[in-house]
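Take a look at the letters that make up each chain.
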Amino acid sequence: MRAPPLFAAFRQALRQGYNASALRGDVSAGLTVGIIAIPLAMALAIAVGVPPQHGLYTVLVAAPLIALTGGSRFNVSGPTAAFVVILLPITQQFGIGGLLLCTMLAGLILIALGLLRAGRLIAFIPYPVTLGFTAGIGVVIATLQIKDLLGLQLDGQPQHYVEQLLLLARSLPGANLGDALVAAICLAVLILWPRWVPKIPGHLVALALGAVAGLMLEAAGLPVATLGERFSYELGGQTYPGIPPQLPAPVLPWHLPGPDGAALVLSYELFHQLLGPAFAIAMLGAIESLLCAVVADGMTGSNHEPNGELIGQGIGNLVAPLFGGITATAAIARTAANVRAGAFSPMAAILHAGVVLLAMLWLAPMFSYLPMAALAALLVMVAWNMSEAPHVLHVLRIAPRSDVLVLLTCLALTVLFDMVLAVGVGLLLAAGLFIKRMSELTDTGALSREQRALLQDMPAHVAAYAIRGPLFFGAAEKALSALRRFNPDVRVVIVDISAVPLLDMTALAALENVLLDYRRLGVVLILSGSNARVRLKLRRAGIHRLAGHLYHVRDLQQARIKALRLLQEPTQA
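Residues numbered from 1 in each chain as written. Predicted model: local features only at pLDDT ≥ 70, side-chain atom pairs only at ≥ 80, totals over all residues. Heavy atoms only, no water.

An unreviewed UniProt entry lists the chain under the name Sulfate permease, SulP family, with Stutzerimonas balearica DSM 6083 given as the organism. Quoted verbatim from the Subcellular location (unreviewed entry) heading of the UniProt record, the comment on the chain is "Membrane". (UniProt positions renumbered as here; feature names shortened; annotations may be inferred.)

In structure tokens:
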């Protein structure tokens, strides 16, 4: 058994030669992506229901670990918007301790997937399923931000989407003008700035202007909710607003508060309840990380090691919760920025974590002035980019109806229920439609003109068919049932199966039923042109040469000779 592909990306970069130019590229990319990651990490942590510093802790611990041990040279990992719809219900039901414990379980599942070399299997998830649930996640994330965009005061937090919309609608009369103005300013900057000054990250400008606007509105008597008002921490027995300007301390997740504020109690029941969400986290993390690696490969011409990336993601998610980090995975936006900024190796992702560390230690007091509406506006733009609305509309116009059905089903189920159900139903629906399309490719009909030429001058007592396409459970019964429809005077049936690439147990059982009918009717079956794989399957199933009832021949010329010889015999045994 081969050793696990640990450090695959790092070793690949070193083999290409790491020099001063590569270092400059990594430093430039690390600075750029680090600046981008700071507000996103805090905003995404808030979105999943935990204090903002936990998003920064995720970058500090998970990002360098994944970069060092993973299989993609350019992936940049951290909190991502895709997880919001999964993690928020976990936080609401199990508290921050349950969330971190669930993340550790997901890390173990990811490591197991990597060791089992399941990385290539993720590529078999149909594109309409992926596009459908990511678009649905974008809709849910945007909806969750309406509260902070408008400064609404909600009575509770319903788990179902329709109930959330109804609650937001009832709360609209209490909208705060100050928060709404800050949100409008930030959204305008986020939309327009990249068109004017694409080299400077627009979200930094938006947050800076949002903070200034918030201070000015406060001075004018319009209150604006800020991060420092919403979150605080204790240090030396005193309470301070915002986030702590210090490194995270090691902590066991089950020592952190559960949903009732008390420490979690480890039990079989707790693990049983967390296993399903952990599997969902692992699968989404695997899908997003490997899709991100494919995007990075397309931008750079490199090749990632999928199983190594899964193991790296697993290690990061297993260790990060021990330091307060939430779920991490590769982020396409940050990875693309990493590539465009000149990254050469995983060192860029490690350096980006260093930028986040310096910002947390030196700038933490300034973060307290960030308006919650500005962070919500940032997440709305993330949700818009994630939903790929223009692309979804394009796909709906050009895609086959079956793919449109899969996409819309996944999108609706993600919004109305949850992503786990959406992906499960989407995969089943896509598989069913695929089976239907494949079964339509298999048919039993008349021979082609060339084949009929080989069987010229055959008497009426001989019937000839050709089966084309795979004989599997979705097509076998329909294809083989045609072999029962022939003239009662027929004594020999020739079936050309040279165009049958494979057959399964359902096809073997159906073929045995056809043979039983033929034996009862005194009809001989000649199978012509089977390939080696099909012959092996038939031999293992016991459907081999049976004198007087079943014969295998190499081609239709031999089938013709065999049929004429059988017709010359006085009776059929």
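A few points about the overall build of the chain
Scanning the chain from N- to C-terminus turns up 23 helices and nine strands. Here the C-alpha atoms of the chain give a radius of gyration of 31 Å, more than 25% beyond the 25 Å that 2.2 N^0.38 yields for 573 residues. C-alpha extents for the chain along the principal axes are approximately 110 × 60 × 55 Å. Put simply, of all contacts in the chain between residues at least 6 apart along the chain, 80% involve residues at least 24 apart. Of the roughly 26200 Å² of accessible surface on the chain, 65% is carried by carbon and sulfur atoms. Both charge centroids of the chain, one from 37 positive and one from 29 negative side chains, sit 13 Å from each other. (Helix = DSSP H or I, 4+ residues; strand = E, 2+ residues; numbered from the N terminus. Rg over C-alpha atoms; globule rule 2.2 N^0.38 Å. Contact = heavy atoms within 4.5 Å. Areas by Shrake-Rupley, 256 points an atom, 1.4 Å probe, with all protein chains shown as cover. Lys, Arg positive; Asp, Glu negative; His and termini not counted. Charge placed at Lys NZ, Arg CZ, Asp CG, Glu CD.)

Points about the side chain of Ser72
Among the structural elements, Ser72 can be located in the loop between α3 (53–69) and β1 (77–78). On the accessibility criterion, Ser72 (4% relative accessible area) is buried. A distance of 3.3 Å separates polar atoms of two side chains, one belonging to Ser72 and the other to Asn75. Here Ser72 is in contact with Ala9, Ala293, His304, Glu309 and Pro346, once residues within four sequence places are set aside. (Buried < 20%, exposed > 50% of the residue type's maximum accessible area, 1.4 Å probe, protein only. Polar contact = N/O pair within 3.5 Å; in protein donor to acceptor, adjacent residues only side chain to side chain.)

Re the environment of Val462
Among the structural elements, Val462 can be located in strand β6 (residues 462–468). As a C-alpha pair, Val462 and Arg560 span 98 residues in sequence and 9.4 Å in three-dimensional space. Apart from the residues within four sequence positions on either side, Val462 is in contact with Val492, Ile494, Ala563 and Leu567.

Focus: the packing of helix α2 (residues 20–47) against helix α15 (residues 372–387)
Interhelical geometry of α2 versus α15 gives an angle of 95° and a closest axis separation of 10 Å. One finds that α2 runs roughly perpendicular with respect to α15. Note on element contacts: α15 touches α2 through Met372, Leu375, Leu378, Leu379 and Val382, opposite Pro39, Leu40, Ala43, Leu44, Ile46 and Ala47. Of the residues contributing to the contact of α2 with α15, the split by class is eleven nonpolar, no polar and no charged. (Axes fitted to C-alpha atoms, helices over the stretch in contact; angles between N-to-C directions. Parallel < 35°, antiparallel > 145°, perpendicular 65-115°, else oblique. Nonpolar A, V, L, I, M, F, W, Y, C, P; charged D, E, K, R; others polar.)

Some thoughts on the side chain of Thr130
Of note, Thr130 is situated in helix α5 (residues 127–144). Setting aside its immediate chain neighbours within four residues, Thr130 contacts Ile125 and Leu291.

Digging into the sheet that holds strand β8 (residues 524–528)
Taken in spatial order, the five strands of this open sheet run β5-β6-β7-β8-β9, and their pairing is mixed. Two strands close off the open sheet at either side, each with one partner strand: β5 (443–445) and β9 (550–553). Averaged over all neighbouring strand pairs, the angle between strand axes comes to 20°, with direction disregarded. Where β8 and β9 come together, four bridges link them in parallel fashion. Paired with Ser528 across the bridge in β9 is Val553. In the packing of helix α21 (residues 505–521) onto the sheet, contacts are made with β7 (492–499), β8 and β9, and the angle to β8 comes to roughly 145°. (Pairing = 2+ DSSP bridges.)

Some details on the packing of helix α8 (residues 177–196) against helix α9 (residues 202–219)
Across the interface, α8 lies against α9 with an axial gap of 9 Å and an inter-helix angle of 155°. On the basis of the axis angle, α8 is roughly antiparallel to α9. Handedness of the crossing formed by α8 with α9: right-handed. Between α8, through Gly178, Leu181, Val182, Ile185, Cys186, Val189, Leu190 and Trp193, and α9, the contact on the second element is made entirely by Gly202, His203, Val205, Ala206, Leu209, Gly210, Ala213, Gly214 and Leu217. (Left-handed = near helix turned anticlockwise from the far one by under 90°.)

Some points on the packing of aromatic side chains
A complete count under the given rule lists three aromatic pairs for this structure. On the numbers, 5.6 Å between centres and 25° between planes, the contact of Tyr233 with Tyr240 is stacked. With a centroid separation of 5.5 Å and 85° between ring planes, the pair formed by Phe472 and Phe473 is classed as edge-to-face. The exposure class assigned to Phe472 is buried, which follows from its relative accessible area of 10%. You can call Phe473 exposed: its relative accessible area is 52%. Geometry around Phe344 places Arg73 over its ring, the cationic atom sitting 4.9 Å from the centre. (Phe/Tyr/Trp six-rings, centres within 6.5 Å; stacked < 30°, edge-to-face > 60°. Lys NZ or Arg CZ within 6 Å of the ring centre and 35° of its normal.)

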